[in-house]
Amino acid sequence: MPNSNIIIATHNLHIGYRSKKVETRIASNISIEIGEGELVALVGVNGVGKSTLLRSLSGVQELLKGDILIKGKPLKSL
């Protein structure tokens, strides 16, 4: 039975950029679950993909691979 308190989940997420000829992968195999009421911090040095991850989680940037679920529903369907 899935946990109904999970607000955002990712499975095998790969983030980065695509051009016509090249795919640049910033981070791979990201699997997270963020529950209702949890406080989450995203920290790291410049250039590691923090903004790319946030843009991907919000649907602003296309995913290279993987799934994002919001309250158990695929982000693509919302």
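Here the structure is shown first, and the text comes after it.
My aim in this report is to walk through the structure given alongside it, one point at a time. (Residues numbered from 1 in each chain as written. Predicted model: local features only at pLDDT ≥ 70, side-chain atom pairs only at ≥ 80, totals over all residues. Heavy atoms only, no water.)

1. Regarding the overall build of the chain
Line of reasoning, step 1. Along its length, the chain carries one helix and four strands.
Line of reasoning, step 2. Counting over 78 residues, the chain shows a buried share of 24%.
Line of reasoning, step 3. The long-range fraction of contacts in the chain, counting pairs at least 24 apart against all pairs at least 6 apart in sequence, stands at 55%.
Line of reasoning, step 4. Summed over all atoms, the accessible surface of the chain reaches about 5800 Å², with 55% contributed by carbon and sulfur.
Line of reasoning, step 5. Charge-centre separation for the chain: the mean point of 10 positive side chains lies 11 Å from the mean point of 6 negative side chains. (Helix = DSSP H or I, 4+ residues; strand = E, 2+ residues; numbered from the N terminus. Buried < 20%, exposed > 50% of the residue type's maximum accessible area, 1.4 Å probe, protein only. Contact = heavy atoms within 4.5 Å. Areas by Shrake-Rupley, 256 points an atom, 1.4 Å probe, with all protein chains shown as cover. Lys, Arg positive; Asp, Glu negative; His and termini not counted. Charge placed at Lys NZ, Arg CZ, Asp CG, Glu CD.)

2. Observations regarding the environment of Ala 27
Line of reasoning, step 1. Considering the arrangement of structural elements, one finds Ala 27 in strand β2 (residues 23-35).
Line of reasoning, step 2. A sequence separation of 22 residues divides Ala 27 from Asn 5, and the C-alpha atoms of the two residues are 26 Å apart.
Line of reasoning, step 3. What Ala 27 contacts, discounting residues up to four positions off in sequence, is Leu 13, His 14 and Ile 15.

3. Overview of the pairing of strand β3 (residues 65-70)
Line of reasoning, step 1. Across five bridges, strand β1 (residues 6-18) lies against β3 in antiparallel orientation. Residue pairing across strands places His 11 opposite Asp 67, the latter belonging to β3.
Line of reasoning, step 2. Both β3 and strand β4 (residues 73-74) contribute to a ladder of two bridges, which runs antiparallel. In the strand pairing of β4, Leu 69 is matched with Pro 74.
Line of reasoning, step 3. Counting the residues between successive antiparallel strands, the hairpin from β3 to β4 contains two residues, one of them, Lys 71, with a positive phi of roughly 50 degrees. (Pairing = 2+ DSSP bridges.)

4. A short note on the sheet that holds β3
Line of reasoning, step 1. Read across the open sheet, the four strands follow the order β2-β1-β3-β4; overall the sheet is antiparallel. With one partner strand each, in any of the chains shown, β2 and β4 form the two edges of the open sheet.
Line of reasoning, step 2. Along the sheet face, helix α1 (residues 50-57) touches β1, β2 and β3 and points at about 120 degrees away from the line of β1. (Axes fitted to C-alpha atoms, helices over the stretch in contact; angles between N-to-C directions.)

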